[in-house]
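Here is how the chains run, residue by residue.
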Amino acid sequence: MSSFDVAVIGSGPGGYVAAIRCAQLGMKTAIIEKYSTLGGTCLNVGCIPSKALLDSSHHYEDALKHFETHGIEITGEITPNLEKMISRKQAVVDQTTQGINFLMDKNKITVFEGLGSFQDATHIKISKADGTAEVIEAKNTIVATGSKPANLPFINLDKERIITSTEALKLKEIPKHLIVIGGGVIGLELGQVYKRLGAEVTIVEYMDRIIPTMDAGLSKELGRVLKKQKFKLNVSHQVNSVERVGDEVIVKATDKKGREVEIKGDYCLVAVGRTPYTEGLNAEAAGVKLDDRGRIETNNHLQTATTNIYAIGDVVKGAMLAHKAEEEGVMVAEILAGEKPHIDYNLIPGVVYTWPEVAAVGKTEEELKEAGVAYKSGQFAMRALGRARASMNIEGFVKILADKNTDEILGVHMIGARAADMIAEAVTAMEFRASAEDISRISHAHPTFTEAIKEAALAATGDRALHA
Ligand code: FAD
Ligand code: NAD
């Protein structure tokens, strides 16, 4: 029987990063993945393929709607080729997942393909696709088994017309009318892919605003822009049934006035969140406990009830984000090596890759109000920036929330072109506990979108924005 210092179960961004860090720290490391490709949800059916399709559909929309304004004339018809878009996406995925194989080799990590299940706290059985099995011994185990799409109890996901994000990333035709249940990150990102390609898109959201966990100012601005892009947004709608009749999908919901609403489309994407994945893990055999929401229960060091077993990423509490899983992977590896790492969960940024992009870090205004924190706010509109006007990306704003007394930055919320990349400045500033004045005194290259961050900081420190 082979034995290891550490076995990692699951090869998503949590698992493979944990394995690399363990190997870097001198531990004999194994990684177990039930699928034949490494990379987990993020690389195979999540972050990377969704961004690949967002990029392709963005190019198409630009060619169709914006090139002419820029003085680029295309003679002949511009048509989207979905098959080609999907195969380009798959090529990007293949290249990225092969990159993980390279990293495993480079770090001398033993890769096992098969379903990992605990026999006890130090033995893991690996069941392979050909029906054979092998048992390995591990002094420590890191569970990084991720999550799967959630569903509503009354919905029969046929995966043809009533689909999850996984199928939405490989459709064979552009929907005529895509109904999306859930106005969160997946619903809006994938909704926008197909909207750009010509589908009618209707969002049905239970809460009273889209992206309901983000700052309300961002929800409002994104909602305004999406309506301009001709999305149909039905918030405060409770879905009661989803039925397929032939090639048609019928969604019935109750609106906030109690009226029954019927929406007919040809595809329905169910995007109401994700649930932790522990099927087949046989966690009980190792004494690992789950909480009431099916997540693996851990202490603040991500250690389970069984002290040599840790859990990270989507399968534990907290934001279901690739970079959060990665941070946790590094943290556990370093704990195992006897170090004392720390993660500030308040400073894990959240991004929605629609266009305009939405990005945030720290506290929202709603959270500060609820906590009774005295704060001040500075906001700057993208349209006032030279760079925004040059590229005609004028939607959105940057908002900085700072402590009223100390000026320390408590939250940064932005919507606009390149917000996904710009949020890094806010994270860095907050990691160093910067004040709004600190940012306002830093030189920002002109003309860039980042000038909006400086201007918002000026606005937060006494209404001093220079270009407002
Ligand atoms: P996962 O990536 O889910 O990996 C878990 C792995 O464990 C899987 O490969 C699974 O097969 C394997 N596994 C499970 N059980 C076993 C077992 N018993 N034995 C062996 N292997 C097992 N996050 C972002 O930060 N940015 C984004 O832009 C983004 N976009 C997304 C888009 C979509 C459409 C989706 C669905 C998700 C997106 N996410 C994004 C979320 C992100 O994918 C997850 O937060 C991230 O993948 C979690 O990483 P993980 O390592 O915890 O688990
Ligand atoms: P989400 O939590 O972002 O959004 C789900 C939405 O569905 C919420 O707005 C919720 O109010 C709504 N909802 C829940 N039940 C409903 C019901 N019965 N009827 C109508 N609406 C309902 O979840 P998601 O979009 O499915 O994404 C899953 C996870 O994947 C998220 O945790 C997210 O962090 C991650 N993800 C991240 C990114 C990114 O970082 N850009 C992209 C995609 C996914």
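Just so you know, these numbers come straight off a predicted model, no measurement behind them. Throughout, a residue's number is its position along its own chain's written sequence, starting from 1. Chains and ligands are labelled sequentially in the order written, the chains with letters from A and the ligands with numbers from 1. Given that this is a predicted model, residues contribute local features only at a pLDDT of at least 70 and side-chain atom pairs are listed and counted only at 80 or more, while totals for whole chains, interfaces and linings are drawn from all residues. Excluding hydrogens and water, the side-chain figures rest on all heavy atoms present in the structure.

Asker: Summarise the overall build of the protein chain; cite the residues concerned and give the values.
Answerer: Within the protein chain, the secondary structure is distributed over 13 helices and 22 strands. Along the first, second and third principal axes, the C-alpha set of the protein chain runs to 65 × 60 × 50 Å. Burial status follows relative accessibility: with a 1.4 Å probe on protein chains alone, a residue under 20% of its type maximum counts as buried, one over 50% as exposed, and anything between as partly exposed. A buried classification covers 52% of the 468 residues belonging to the protein chain. Residue pairs in contact within the protein chain that sit at least 24 positions apart in sequence constitute 63% of those at least 6 positions apart. All accessible areas in this document rest on Shrake-Rupley with a 1.4 Å probe, and a residue is counted as covered only by the protein chains that are shown. Here the protein chain has roughly 21800 Å² of accessible surface; of this, 50% comes from carbon and sulfur atoms. Under the DSSP-based scheme used, a helix requires at least four consecutive residues in state H or I and a strand at least two consecutive residues in state E, with every element numbered from the N terminus. Residues are treated as being in contact if the distance between any of their heavy atoms lies within 4.5 Å.

Asker: Mind laying out the site of ligand 1, listing which residues take part and the relevant values?
Answerer: Any residue with a non-hydrogen atom lying within 4 Å of a molecule or strand is treated as near it. Inspection of the region around ligand 1 gives 38 residues, with E33, T41, K51, G116 and A322 positioned closest. Counting of polar contacts relies on pairs of N or O atoms within 3.5 Å, with two restrictions inside protein: one atom must be capable of donating a hydrogen and the other of accepting it, and residues adjacent in sequence are counted only when both atoms are side-chain atoms. G14 places a main-chain nitrogen or oxygen 2.9 Å from an oxygen atom of ligand 1. One of the backbone nitrogen or oxygen atoms of M320 is found 3.2 Å away from an oxygen atom of ligand 1. Elements with a contribution of two residues or more to the shell around ligand 1: α1 (13-24), β2 (29-33), α2 (40-45), α3 (47-66), β4 (115-120) and α8 (322-336). Sort the elements by how many residues they give to the shell around ligand 1 and α2 lands first, with four residues. Polar here means any residue outside two lists: the nonpolar Ala, Val, Leu, Ile, Met, Phe, Trp, Tyr, Cys and Pro, and the charged Asp, Glu, Lys and Arg; Gly therefore counts as polar. Here the residues of the shell around ligand 1 are counted per class, giving 16 nonpolar, 17 polar and five charged.

Asker: Run through α1, naming residues and quoting values.
Answerer: The length a helix should cover is 1.5 Å for every residue beyond the first. Across its 12 residues, α1 extends 16 Å between first and last C-alpha, which sits within 8% of the 16 Å expected from 1.5 Å per residue. The element α1 is extensively covered by neighbouring structure, given that 11 of its 12 residues are classed as buried. Of all the positions in α1, only P13, G14, G15, Y16, V17, A18, A19, I20, R21, C22 and A23 are classed as buried. Remark: G26 follows α1 within two positions and exhibits a positive phi of approximately 90°.

Asker: Explain the sheet that holds strand β18 (residues 350-352) to me, using residue names and the numbers behind them.
Answerer: Criterion used throughout: strands pair if DSSP finds at least two bridges between them. Pairing within the open sheet is antiparallel, and its five strands lie in the order β18-β19-β22-β21-β20. Each edge of the sheet is formed by a strand with only one pairing partner; in this case those strands are β18 and β20 (375-381). For this sheet the average axis-to-axis angle between neighbouring strands, irrespective of direction, equals 10°. Across six bridges, strand β19 (residues 357-362) lies against strand β22 (residues 409-416) in antiparallel orientation. The partner of A359 across the bridge, within β22, is M414. Lines fitted to C-alpha atoms define the axes, with helix axes restricted to the stretch in contact, and inter-axis angles between N-to-C directions lie between 0 and 180 degrees. In the packing of helix α7 (residues 216-228) onto the sheet, contacts are made with β19, β21 (397-403) and β22, and the angle to β22 comes to roughly 5°. Strand contacts of helix α13 (residues 451-460): β20, β21 and β22, with the helix running at about 140° to β20, the strand carrying the most contacts.

Asker: Any chance you could break down the side chain of D255 for me, citing the residues and the numbers?
Answerer: Here D255 is to be found in the loop between β13 (248-254) and β14 (260-265). Only 2.9 Å separates the side chain of D255 from the side chain of R259, close enough to count as a polar contact. Those residues in contact with D255 that sit more than four places away from it in its chain are S236, H237 and V261.

Asker: Talk me through the pattern of salt bridges; I want residue IDs and the actual numbers.
Answerer: Salt bridge criterion: a side-chain nitrogen from Lys or Arg within 4 Å of a carboxyl oxygen from Asp or Glu. In this structure the tally under the stated criterion is 25 salt bridges. A salt bridge links E437 to R441; the nearest nitrogen and oxygen atoms lie 2.7 Å apart. A residue is classified by how much of its surface remains accessible, and E437, at 32% relative accessible area, is partly exposed. In this structure, a network of salt bridges that share partners links the residues D158, E160, R161, E173, R244 and D247.

Asker: So what's going on with the sheet that holds strand β11 (residues 232-234)? Which residues, and what values?
Answerer: Strand order in the open sheet made by the five strands is β8-β15-β9-β10-β11, with parallel pairing throughout. Pairing within the sheet leaves two strands with one partner each, and these edge strands are β8 (162-163) and β11. Of the pairings in the sheet, the one linking strand β10 (residues 200-204) to β11 comprises three bridges and is parallel in character. Along β11, the bridge assignment pairs T202 with K232.

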